[in-house]
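A closer look at the structure
Given next are the chains, with one letter for each unit.
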Amino acid sequence: MPLPPRAGTLSARLLVWILPIALAAMSAVSAASYLIARGVILSETQKGIAAVTLASAAQAKGYFEQRHNDLATIAQSPLFRDHYMNAGYGLAQEAEVYRREIARMLVDLEGRARAYPRLSYLDASGREVCRVEAGRVVARPGPNRQDAFFKALKALRPGQRLSSPIAKVPWQSAPVVWYGTPFKDEAGRFHGALIFAVSLQPVYDSLGRIHLGVSGRSFLSARRPGGRHDGYGAGETLTSEAPIAGTPWSVTTAVNRSDFLEKLSWVSTATFLLLLLTAAALVYAISRQVQTLLQPLQELAAAARAYAGGDLGVRLFEQIGRALHLTDAGRTLVVDGERLLGAIERTAEAVRGHQDSRTGTLRVGASTTPGLYLLPARVARFQKLFPGVRL
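Residues numbered from 1 in each chain as written. Predicted model: local features only at pLDDT ≥ 70, side-chain atom pairs only at ≥ 80, totals over all residues. Heavy atoms only, no water.

**As for the overall build of the chain**
Let me state the cut-off plainly: Put simply, DSSP marks the helices as runs of H or I at least four residues long and the strands as runs of E at least two long, and each gets a number from the N terminus on. Only protein chains enter the accessibility calculation, which uses a 1.4 Å probe; a residue is then buried when its area is under 20% of its type maximum, exposed when over 50%, and partly exposed in between. To be clear on the numbers: accessible area is Shrake-Rupley with a 1.4 Å probe, and residue cover counts the displayed protein chains and nothing else.
For the chain, the helix and strand inventory stands at nine helices and 14 strands. Taking all 391 residues of the chain together, 30% fall into the buried category. Carbon and sulfur atoms make up 59% of the accessible area of the chain, which totals about 25,200 Å².

Here it is in structure tokens:
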């Protein structure tokens, strides 16, 4: 394995330029991939939460609609009219017969629905004529403590129904909602009311069976204006709210988004480690490739340094006794070296001759008459003055 590149070497210079660019590109790709994956996960999770919330709201709507239907169906029974008419005429015995029939009807309803911890029939004064609790008729019902709700029922028209806010009561573990409807004759006179305590335990049980992530839960809440609400809640919680039609409540689902991003954080950590390994591999690859490319040049440079230092790769001397003698290679080097030195000296002398004197060849041309009578004397004089120049 190649050693780490030293400062100033070609490998180090290449890494200074290539490594930051490569790391920046890989980091950008990793960050973009993480953000895209994170956005997709949160978006799909939000859609799933919204779908679960809508389904839960539809189920809760069916439960509350059935309670309204039960109230409307029971209130239409002629037994109530017969009772308050006989009671109004002072026919107590006949009124008692109808009261018992009403009680039997309410017990049957509680046994079928399993949703009413208390069913009450009240007269015009607010006194409980009949009460059913836990499937049994209460012989001596206590005073009605829903005075405000009872007064609100008096103001309704015949056939109208009213529901109360969610309330906690001491005789029931789960919260309840009061449903009621008034009894009025054709003249609009108020003769009493029918009030059902509707348990929310079935709704809570249904919502409790919803499991989303580790922290996800669904619950009833007061409806906010504007219909559905989806998005991030406090502490970056994914929330979805769906109103329950016909009621003042909504089903709200809240999930901590870290339940779904936890595995993605492991992917992010693994990506970071992979980035470091990639950087180390890049350093190794560049160093190895540069060393491979430079190896011939390094060998040539080493040979040149060895030659310049006199290392020819052969023995020039051998020791015989105490004396050193030339080997055949040494004698060849001496002969060739002397010849080379002589050639070098002659070359240097020739170069110096060019510097100290005029030498070379001069060609002169003339016609017949000047060439016979004028040039001979002048050429002889020129050769005396410049013996190194050949004419």
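**Some remarks on the sheet that holds strand 3 (residues 136–137)**
As a reminder, the rule being used: Strand pairing is defined by DSSP finding a minimum of two bridges between the two strands. By definition, residues are in contact when any of their heavy atoms lie within 4.5 Å. Interaxial angle, 0 to 180 degrees, is taken between N-to-C directions of lines fitted to C-alpha atoms, where a helix line uses only the stretch in contact.
Spatial strand order, 3-2-1-6-5-4: six strands in an open sheet with antiparallel pairing. Strands at the two margins of the open sheet, each flanked by one partner only, are strand 3 and strand 4 (162–163). Here six bridges tie strand 1 (residues 118–123) to strand 6 (residues 190–199), and the two strands are oriented antiparallel to one another. Paired with L122 across the two strands is A193, which belongs to strand 6. Lying on the sheet, helix 3 (residues 92–113) is in contact with strand 1, strand 2 (128–133), strand 3 and strand 6; it crosses strand 2 at an angle near 25°.

**Considering the packing of aromatic side chains**
Inclusion rule: Pairs were defined over the aromatic rings of Phe, Tyr and Trp, the Trp ring being its six-membered one, requiring ring centres within 6.5 Å. Orientation was assigned from the angle between planes: stacked under 30 degrees, edge-to-face over 60, tilted for the rest.
Counted according to the given criterion, the structure contains eight aromatic pairs. Where F64 meets W249, the ring centres are 5.1 Å apart and the plane angle is 45°; that geometry is what we call tilted. Taken together, the residues F64 in helix 1 (residues 10–75) and W249 in strand 10 (residues 249–256) connect sequence positions 185 residues apart. When its relative accessible area of 1% is taken as the criterion, F64 is described as buried. Judged by centre distance (5.8 Å) and plane angle (80°), the rings of Y121 and F183 are edge-to-face. With Y121 in strand 1 and F183 in strand 5 (residues 176–184), this residue pair connects regions lying 62 residues apart in the sequence. Of the residues examined, Y121 reaches a relative accessible area of 0% and is grouped as buried. Judged by its relative accessible area of 7%, F183 falls in the buried class.

**Looking at unusual backbone geometry**
With a phi angle near 55°, R114 is a residue other than glycine that sits in the positive phi range. Examined against the element boundaries, R114 turns out to sit in the loop between helix 3 and strand 1. Even without glycine at this site, A134 takes up a positive phi of about 55°. Secondary-structure assignment places A134 in the loop between strand 2 and strand 3.

**A few points about the packing of helix 2 (residues 78–88) against helix 3**
Quick note on the threshold: The cut-offs work like this: below 35 degrees is roughly parallel, past 145 is roughly antiparallel, 65 to 115 is roughly perpendicular, and the gaps in between are oblique. Take the far helix as your reference; a near helix turned counterclockwise from it by less than a right angle gives a left-handed crossing, and one turned clockwise gives a right-handed crossing. Residue polarity follows a fixed list, in which Ala, Val, Leu, Ile, Met, Phe, Trp, Tyr, Cys and Pro are nonpolar, Asp, Glu, Lys and Arg are charged, and the others, Gly among them, are polar.
Helix 3 packs onto helix 2 with a crossing angle of 155° between their chain directions and a minimal axis gap of 8 Å. Relative to helix 3, helix 2 is oriented roughly antiparallel. At the point where helix 2 passes helix 3, the crossing takes the left-handed sense. For the pair helix 2 and helix 3, the contacting residues are L79, F80, D82, H83, N86 and A87 in the first and E94, A95, Y98, R99, E101, I102 and M105 in the second. Taken together, the residues of the contact of helix 2 with helix 3 sort by class into seven nonpolar, two polar and four charged.

**Some thoughts on the pattern of salt bridges**
Definition in use: Basic side-chain nitrogens of Lys or Arg form a salt bridge, by our definition, when they fall within 4 Å of a carboxyl oxygen of Asp or Glu.
All chains considered together, the criterion is met by 13 salt bridges. The salt bridge partner of E96 is R100, with a shortest N-O separation of 3.2 Å. Note that E96 and R100 are positioned in helix 3 at a spacing of four residues, about one turn of the helix. R100 gets classed as exposed once you look at its relative accessible area, which sits at 52%. A salt bridge links D123 to R127; its shortest N-O distance comes to 3.3 Å.

**What to know about the nonpolar core**
Rules: For our purposes a nonpolar core is just a set of buried Ala, Val, Leu, Ile, Met, Phe, Trp, Tyr and Cys residues, chained together by side-chain atoms within 4.5 Å.
Residues F64, L106, Y121, L194 and F196 are the most contacted members of the largest nonpolar core, which totals 44 residues. Among the elements that take part in this core, helix 1 stands out by supplying nine residues, more than any other. Once you skip the residues sitting within four places of it in the chain, F64 turns out to touch Y179, L200, V203, L220, I244, T247 and W249. In this structure, L153, V176, W178 and A197 belong to the second largest nonpolar core, which totals twelve residues.

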